[in-house]
Amino acid sequence: MQYEAPPTLDAATALLAGAPGTARVLAGGTDLLVQMHSDIVSPDLVVDIKNIAEMRAITLEDGRYRVGAAATGMEIMEHADFNKVWPGVVDGVRLIGSIQIRGRATMGGNLCNASPAADSVPAIIAAGAVAAIAGPNGRREVPVEEIGVGPGKTSLAKGEIVASFLFPRRAPRSGGAYLRFTPRTEMDIAVVGFGVDLTLDASGTCTAAKVALGAVAERILVVDDAAKALIGTAIDDGAIRNLEQAARAAARPIDDKRGTKEFRVEIAGVLARRATRIAAERARQG
Amino acid sequence: MARKHVTTTVNGDEVDFLCETDQTLLSALRDELQLTGTKEGCGTGDCGACSVMLNGRLVCSCLTLAVEAEGKTVDTIEGMAHGEELHPLQRKFLEHAALQCGICTPGFLIASRALLERNPDPSEEEVRYWLAGNLCRCTGYHKIVEAVLDAAAEMRGR
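Residues numbered from 1 in each chain as written. Chains lettered and ligands numbered in written order. Predicted model: local features only at pLDDT ≥ 70, side-chain atom pairs only at ≥ 80, totals over all residues.

Novice: Go over the overall build of chain B with me, naming the residues and quoting the values.
Specialist: When helices and strands are counted, chain B shows five helices and five strands. In chain B, the succession of α and β elements from N to C terminus is β-β-α-β-β-β-α-α-α-α. Taken over C-alpha atoms, the radius of gyration comes to 16 Å for chain B, in line with the 15 Å a tight globule of 158 residues would show. With respect to the principal axes defined by its C-alpha atoms, chain B has extents near 50 × 30 × 25 Å. Burial analysis of chain B (158 residues in total) assigns 46% to the buried set. Long-range contacts, defined as pairs at least 24 residues apart, comprise 59% of the intrachain contacts of chain B with a sequence gap of at least 6. (Helix = DSSP H or I, 4+ residues; strand = E, 2+ residues; numbered from the N terminus. Rg over C-alpha atoms; globule rule 2.2 N^0.38 Å. Buried ≥ 20, exposed ≤ 12 C-beta atoms within 10 Å, placed from the backbone. Contact = placed C-beta atoms within 7 Å.)

If you want it as structure tokens, here you go:
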């Protein structure tokens, strides 16, 4: 196995694009090394991207947060202002593994590992973040929801790397939240995950919302009908009932050891209600 | 392929070793540097027995490549006591009988020290959440949590 830790994105994408065999990006390694240990993947080339400064930085660009795809969970959680602006995203990051895992794990890795149960991704999608991608043919930007296409599968072309996440400028009275259901409170994988981000006007009417549902399909779902149930309402009980219904209707889970199909559909509605109430309360305070 | 030469700082001392590119930091510590205090439990980041500090961050050394330690600092259980003088956490683990078989203990101590460095006065709940990534199959955790809280109180008193 060849190991490289180049200092620039250009060098990293060139290495990945030119690799003849199996190549993998190493960010935090909390998924990749597990896969290597269990012989799910035996890379010929590993490109460690942690020496690339722009992939580690959390910066404000003209009022918009850009988070390097290789910034660790702990670095994100310790960034006080990012926490204040995007609490829903931090809700998700905080639930990934243990302190040890979050000391290494990254949002870019969580996205590109492409698990439908990834905890940070529904909240990042709900936030309306864009993935900045670097590749052998230059750079492009796509909505985060277009990256994961199935368990372990992404839409990235050979040689492409998610370099950073660009979050939109925050409107006043906006709030987000992410909740998941797990049998244990820590160190567990989401049975269902629900991320929401919304904006209220001065009278408390919801003017914008985005909703993403995790662990109930082969990929993380954007649920437009759930967002529509909120927009134009004061997020009253009636709107919440419609939201719950839309979330359950969108869920198309499988039965597995972590939960039955029926249970997951039910829980999708419960989490929709609870997370949206948290997001609305945060929006009212913000 | 030729083994990689890695220079790193372990417990304050500059060391170097040769390793395979796919070798874990855990394996390099144990097998190349003979620092066998760091234990392997699960090898998948679930149990925390292999916890070390990498550049001041609590991490699982089983999920870190040895080559990633190049130019960094690594702190292991071997650096916790000062000569014969135990760290307060180590003393309190003994006083509270916060271990039985001992395999998880180095990881718990490293993780607990990382907590107390950030938060010298944690609540019981904060201790339990911080240590959620460390598994112990002997003690039932209660004595471990008591030992950490007692060590924190003693360290604050000094």
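Novice: Got a sec to walk through the sheet that holds strand 1 (residues 2-4) of chain A? Specific residues and values, please.
Specialist: Residues and elements named next belong to chain A. Overall, parallel pairing links the three strands, which are arranged 1-3-2 in an open sheet. Each edge of the sheet is formed by a strand with only one pairing partner; in this case those strands are strand 1 and strand 2 (23-26). Across the sheet, the mean angle separating the axes of adjacent strands is 20° when strand polarity is ignored. Sheet topology note: the strand 1/strand 3 (residues 45-48) ladder contains three bridges and is parallel. (Pairing = 2+ DSSP bridges. Axes fitted to C-alpha atoms, helices over the stretch in contact; angles between N-to-C directions.)

Novice: Lay out the interface of chain B and chain A in plain terms, naming residues and giving numbers.
Specialist: Contact with chain B, which involves 22 residues of that partner, is made by 20 residues of chain A. Among the secondary structure elements, those contributing two or more residues to the side of chain B that touches chain A are strand 4 (57-60) and helix 4 (124-130) of chain B. Here the element with the most residues in the side of chain B that touches chain A is strand 4 of chain B; it accounts for four residues. Of the residues contributing to the side of chain B that touches chain A, the split by class is 10 nonpolar, eight polar and four charged. (Nonpolar A, V, L, I, M, F, W, Y, C, P; charged D, E, K, R; others polar.)

Novice: Please set out the pairing of strand 1 (residues 4-10) of chain B residue by residue, giving values where relevant.
Specialist: All names here are of chain B. Pairing of strand 1 with strand 2 (residues 13-19), which is carried by seven bridges, proceeds in the antiparallel orientation. Its bridge partner lying in strand 2, Thr 8 is registered against Val 15. Hairpin connection between strand 1 and strand 2: a loop of two residues separates the two successive antiparallel strands, and Asn 11 in this loop has a positive phi of roughly 50°. Direction of pairing for strand 1 relative to strand 5 (residues 73-75): parallel, over a ladder of two bridges. Within strand 5, the position partnered with Thr 9 by the bridge is Thr 73.

Novice: Can you tell me about the domain arrangement of chain B, naming the residues and giving the values?
Specialist: Residues and elements named next belong to chain B. Here the domain parsing of chain B yields domain 1 (4-79) and domain 2 (88-156). The distance between the C-alpha centroids of domain 1 and domain 2 comes to 21 Å. Tallying the contact residues gives 13 residues for domain 1 and 11 residues for domain 2. Ranked by the residues each element gives to the side of domain 1 that touches domain 2, the list is headed by strand 3 (residues 51-54), at three residues. When grouped by side-chain class, the residues that make up the side of domain 1 that touches domain 2 number seven nonpolar, five polar and one charged. (Domains from an automatic or database assignment.)

Novice: Go over the packing of helix 2 (residues 88-95) of chain B against helix 3 (residues 105-118) of chain B with me, naming the residues and quoting the values.
Specialist: Residue and element names in this part refer to chain B. Relative to each other, helix 2 and helix 3 sit at 130°, their axes nearing to 10 Å. Between helix 2 and helix 3, the crossing angle belongs to the class labelled oblique. In this structure, helix 2 meets helix 3 at a crossing whose hand is right-handed. In this structure, helix 2 uses Leu 89, Gln 90 and Phe 93 to contact helix 3, whose residues at the interface are Thr 105, Leu 109, Ser 112 and Arg 113. Per-class residue counts for the contact of helix 2 with helix 3 are three nonpolar, three polar and one charged. (Parallel < 35°, antiparallel > 145°, perpendicular 65-115°, else oblique. Left-handed = near helix turned anticlockwise from the far one by under 90°.)

Novice: With reference to specific residues and values, describe the nonpolar core.
Specialist: If you look at the biggest cluster of nonpolar residues, it comprises 147 residues, and the most contacted ones within it are Phe 194, Leu 213 and Ala 247 of chain A. Looking at this core, the element that brings in the most residues is helix 12 (residues 261-285) of chain A, giving eight residues. Here this core spans two domains, and each of domain 1 (4-79) and domain 2 (88-156) of chain B adds at least three residues to it. In contact with Ala 247 of chain A, other than residues within four places in its own chain, are Phe 194, Leu 213, Val 223, Ala 226, Ala 268, Gly 269 and Ala 272 of chain A. (Core = buried A, V, L, I, M, F, W, Y, C linked by C-beta atoms within 7 Å.)

Novice: Can you lay out the environment of Leu 198 of chain A for me, pointing to particular residues and giving the numbers?
Specialist: Residues and elements named next belong to chain A. If you trace the backbone, Leu 198 turns up in strand 12 (residues 192-200). For the pair Leu 198 and Thr 185, spaced 13 residues apart in sequence, the C-alpha separation works out to 26 Å. Those residues within four positions of Leu 198 in sequence are excluded, and the remaining contacts are Ser 174, Gly 175, Cys 206, Ala 208, Ala 209, Leu 230, Ala 279, Ala 280 and Ala 283.

Novice: Talk me through unusual backbone geometry; I want residue IDs and the actual numbers.
Specialist: Residue and element names in this part refer to chain B. With a phi close to 50°, Asn 11 is a non-glycine residue in the positive phi region. Inspection of the secondary structure puts Asn 11 in the loop between strand 1 and strand 2. The backbone of Gln 34 sits at a positive phi, close to 55°, despite the residue not being glycine. Within the secondary structure layout, Gln 34 lies in the loop between helix 1 (25-32) and strand 3. Taking the C-beta count within 10 Å as the criterion, Gln 34 has 8 such neighbours and is therefore assigned exposed.

Novice: With reference to specific residues and values, describe the confidence of the model for chain B.
Specialist: Low-pLDDT stretches of the model should not have their predicted coordinates read in fine detail. Per-residue confidence for chain B gives a mean pLDDT of 97; residues scoring 70 or more make up 99%. Here the complex is predicted with pTM 0.96, and the ipTM for its interfaces comes to 0.96. (pLDDT = per-residue confidence, 0-100.)

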